[in-house]
Amino acid sequence: MLKISLKKTNLAQTKADLTIVFVVNKNLKHFWIQPEVLKEFGYEGEGIFFDQQNKIVYAGVNLLNVDIFRESAAQVIRYIKKMPFKNAKIGVYGDEEMMQGIFLGMLLGLYEFNQYKSKKFSPILKEIFIANESFDKTPVKPLQKALDKALILAQSIVLARDAINTPPEYATPLFMADLAQKIADENDLKCFIGDEKFLKKEKMQAFLAVNRASVHPPRLIHLTYKPKKSKVKIVLVGKGLTYDSGGLSLKPADYMVTMKADKSGGCAVLAIINALAKMGIEAEVHSIVGATENMIGGNAYKPDDVLFAREGKTIEVRNTDAEGRLVLADCLSYAQDLKPDYLIDFATLTGACVLGLGEYTSGIMGHNEDLKSRFEKLALKSGELMAKLPFNRHLAKLIESKIADVCNVASSRYGGAITAGMFLSEFIRPEYKDKWLHIDIAGPAFVEREWDINAAGASGAGVRACVEFILDVTKRG
Ligand code: BES
Ligand code: ZN
Ligand code: ZN
C-alpha cells in the first residue's frame, strides 16, 4: 500500500522528488503554477501534464467535486507510478471529505492484480506527502481521521478485489472460508463455517442443489462483529459463487468468462465487516456468505427439479443459471433467524441489471422506499453509483409456478433484475420486509477495463456504499 504522510509544512517547504498540482477549472493562477512553462507546452488545464524541468505533475479537474477529485487522484498515481520517483508531495484541496476522496483515489490508483505474472511490476513510488499549508482552515485532526478512514477502506477494498480476481481453480469455497477465518483472527471476530453436513441439517436444499455437481464442497460462512456497545444489529448476506458455469443451462463461452467474479457479493460482505471492525463502530454486524460453484455433471440439479428451500417454500427450477437466488434464498432464511434491524444482501445476480443500468451502476431493491433512498444517497456520497429499481405487482406474477410455490426464473425476460429481486422477497418474512435491501452489483463488480478509481477486473463494489450506510445508521442511533 502507498504510504501517505501528513506534513505541517507548506508545499514549498516540503521536500519531495515530485510535486502534484491540481488545476481546478483551468484556473492557472494558483501561486504554485508557472504559466510560462505551461504556455510553452500548450497545457490549458485539461488532463495530465508533466513539467519535466521542475518535476511537477499537473492534473486538470473541471469541477470542485469529490467524485472528480477522487478519480483524478487515481489517474495521477497511475501516471506517476511508472516514473522513477520514490515520493511526491501535494497540497490540501477542499475539506476533509474532499481529502478523503483524494486519499482513497491515490491509494487505489496504485492497485493492480499481478499475482499470476512472472514479471511483477513494482512501482518505485512509495510515499505521498500531504503539505498541509492551509493548516488553519483544515486542522490536522479531521485530516488524520479522513486518512485513517481512507486507509481502512482501501485495505478492505483491496482484500475484496484480490479475492475476486483470484482464479476459480484457487478461489474455491474453502478458500473463501480460509479468507474469512483470517479476517476473523485479525479483527477478533467470531467465525463460523458451516459444511455440507450443516447445510443438510439446516434443510438448505436450494443451496445444496446448486453445489451438487461441483467437486468443491460448499461452505456457509458466518462472521460476527459484536462490540461491547452496540446500537443496532446489521446482517449482511453475500452471493459467493466461486464459479458460475450456468450449470446444465450452460452459459455460452463468451458469457462464462469473468464468472469467477460471481463471488463478488460474498467478498464484499467480508470486506465490509473487516472495515467496520477496524473502525470500531458501535453496531453488531454479521456477514454471511453462501459459497459454492455452479457446475455441470451427472449429478447436477436440473431444469424441472423442484427444491425445498429452508424457509419452507418449494422452488421450480426452470434455469440452473439462475442459481444465485437459490443460494441466497437459503442464506437469507438463515440470516433472518438472527433477528436483524437491517438485512442487506449483495449479489452479482442478473445480467438484466447490467443491461438496465449500465456497467457502472448497482441496482437497489426492496420494499421500504425510505430505506432504499437512504442507501442510494449514502452510496452516491461514498462515490459508488447506485439506482433504485421498483418492484411491482404485475412483475410478481411472472415468477408464479404451476408445480411449486415459486419459479426460479420469470416467464418474461423483461425486468429480469426486478423479478430476481422479487424472487428473493418470497423468502423474506413479513416482519423483515421493510428491513431488507437487495443490492445487485452485477455491473460494477467486475469490469475488464480501468474506470474511475478501479483497475481492470474486480472493483470491490458495495464496500464503500455499505460502510457509508452503516456509519450513518450508527450515527443516528
Ligand atoms: N451470475 C449471473 C449474473 C451475471 C451476469 C453477473 C453478468 C455478472 C455479469 C447469474 O447467476 C445469472 O446467470 N443470471 C441469469 C438469470 C437468468 C437465467 C434468469 C442472467 O442474468 O442471465
Ligand atoms: Zn447464473
Ligand atoms: Zn451467478
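Residues numbered from 1 in each chain as written. Chains lettered and ligands numbered in written order. Predicted model: local features only at pLDDT ≥ 70, side-chain atom pairs only at ≥ 80, totals over all residues. Heavy atoms only, no water.

Considering the coordination of the zinc ion (ligand 3)
And then number 1: Those donors, Lys 239 (NZ), Asp 244 (OD), Asp 262 (OD) and Glu 323 (OE), are the protein atoms that reach the zinc ion (ligand 3), and they lie 2.0 to 2.4 Å from it.
And then number 2: Geometry at the zinc ion (ligand 3) is octahedral, judged from the six donor atoms that bind it and their angles of 77 to 173° at the metal.
And then number 3: Positions of the donor residues of the zinc ion (ligand 3), expressed as sequence spacing, correspond to K-x4-D-x17-D-x60-E.
And then number 4: In this model, the zinc ion (ligand 3) sits 3.2 Å from the zinc ion (ligand 2), the two metals being bridged by Asp 244. Within this pair, whereas Lys 239 is found in strand β9 (residues 233-244), its partner Glu 323 is found in the loop between β12 (314-316) and α10 (324-336), the two being separated by 84 residues in sequence.
And then number 5: Since its relative accessible area comes to 3%, Lys 239 is described here as buried. (Donors = N, O, S within 2.8 Å, 3.2 Å for Na, K, Ca; no water. Tetrahedral: all angles 85-135°; square planar, octahedral: opposite > 155°, others 65-115°. Helix = DSSP H or I, 4+ residues; strand = E, 2+ residues; numbered from the N terminus. Buried < 20%, exposed > 50% of the residue type's maximum accessible area, 1.4 Å probe, protein only.)

A short note on the packing of helix α2 (residues 66-80) against helix α3 (residues 96-109)
And then number 1: The geometry of α2 relative to α3 is characterised by a closest axis approach of 7 Å and an angle of 30° between their N-to-C directions. Compared by their axis directions, α2 and α3 come out roughly parallel. Crossing angle aside, the handedness with which α2 passes α3 is right-handed. For the pair formed by α2 and α3, the contact residues are Val 66, Phe 69, Arg 70, Ala 73, Ala 74, Ile 77 and Arg 78 on the first element and Glu 97, Met 98, Gly 101, Ile 102, Leu 104, Gly 105, Met 106 and Gly 109 on the second.
And then number 2: By residue class, the composition of the contact of α2 with α3 is nine nonpolar, three polar and three charged. (Axes fitted to C-alpha atoms, helices over the stretch in contact; angles between N-to-C directions. Parallel < 35°, antiparallel > 145°, perpendicular 65-115°, else oblique. Left-handed = near helix turned anticlockwise from the far one by under 90°. Contact = heavy atoms within 4.5 Å. Nonpolar A, V, L, I, M, F, W, Y, C, P; charged D, E, K, R; others polar.)

Re the side chain of His 438
And then number 1: Relative to the elements of secondary structure, His 438 occurs in strand β17 (residues 436-440).
And then number 2: Overall, His 438 belongs to the buried group, its relative accessible area being 0%.
And then number 3: Here Asp 345 takes part through its side chain, which lies 2.6 Å from a polar atom of the side chain of His 438.
And then number 4: Those residues in contact with His 438, other than ones at most four positions away along the chain, are Asp 345, Ala 347, Leu 349, Gly 363, Ile 364, Met 365, Gly 421 and Leu 424. (Polar contact = N/O pair within 3.5 Å; in protein donor to acceptor, adjacent residues only side chain to side chain.)

Description of the site of ligand 1
And then number 1: If you check the shell around ligand 1, you find 15 residues, and the closest are Lys 251, Asp 262, Asp 321, Glu 323 and Gly 351.
And then number 2: Between ligand 1 and Leu 349 there is a distance of 3.5 Å, counted from a nitrogen atom to a backbone nitrogen or oxygen.
And then number 3: Out of a free accessible area of 520 Å², ligand 1 has 73% covered by protein chains.
And then number 4: Tallied by class, the residues present in the shell around ligand 1 amount to four nonpolar, four polar and seven charged. (Near = heavy atom within 4 Å. Areas by Shrake-Rupley, 256 points an atom, 1.4 Å probe, with all protein chains shown as cover.)

Observations regarding the coordination of the zinc ion (ligand 2)
And then number 1: Every protein donor of the zinc ion (ligand 2) is listed here as Asp 244 (OD), Asp 321 (O), Asp 321 (OD) and Glu 323 (OE), and their distances to the metal cover 2.0 to 2.2 Å.
And then number 2: If you look at the zinc ion (ligand 2), its six donor atoms make angles of 71 to 167° with each other, and the shape they trace is irregular.
And then number 3: Along the chain, the residues that donate to the zinc ion (ligand 2) are spaced as D-x76-D-x1-E.

Some remarks on the environment of Leu 248
And then number 1: Note on placement: Leu 248 falls in the loop between β9 and α8 (253-256).
And then number 2: Residue class for Leu 248 comes out partly exposed when judged on its relative accessible area of 42%.
And then number 3: Taking the C-alpha atoms as reference points, Leu 248 and Ala 455, 207 residues apart in sequence, are found 33 Å from one another.

A closer look at unusual backbone geometry
The phi angle of most residues is negative, glycine excepted, and most peptide bonds adopt the trans form.
And then number 1: Unlike most non-glycine residues, Asn 25 shows phi in positive territory, near 55°.
And then number 2: Relative to the elements of secondary structure, Asn 25 occurs in the loop between β2 (19-24) and α1 (35-40).
And then number 3: One non-glycine residue, Thr 258, lies in the positive phi region at around 90°.
And then number 4: Along the chain, the position of Thr 258 falls in the loop between α8 and α9 (264-279).

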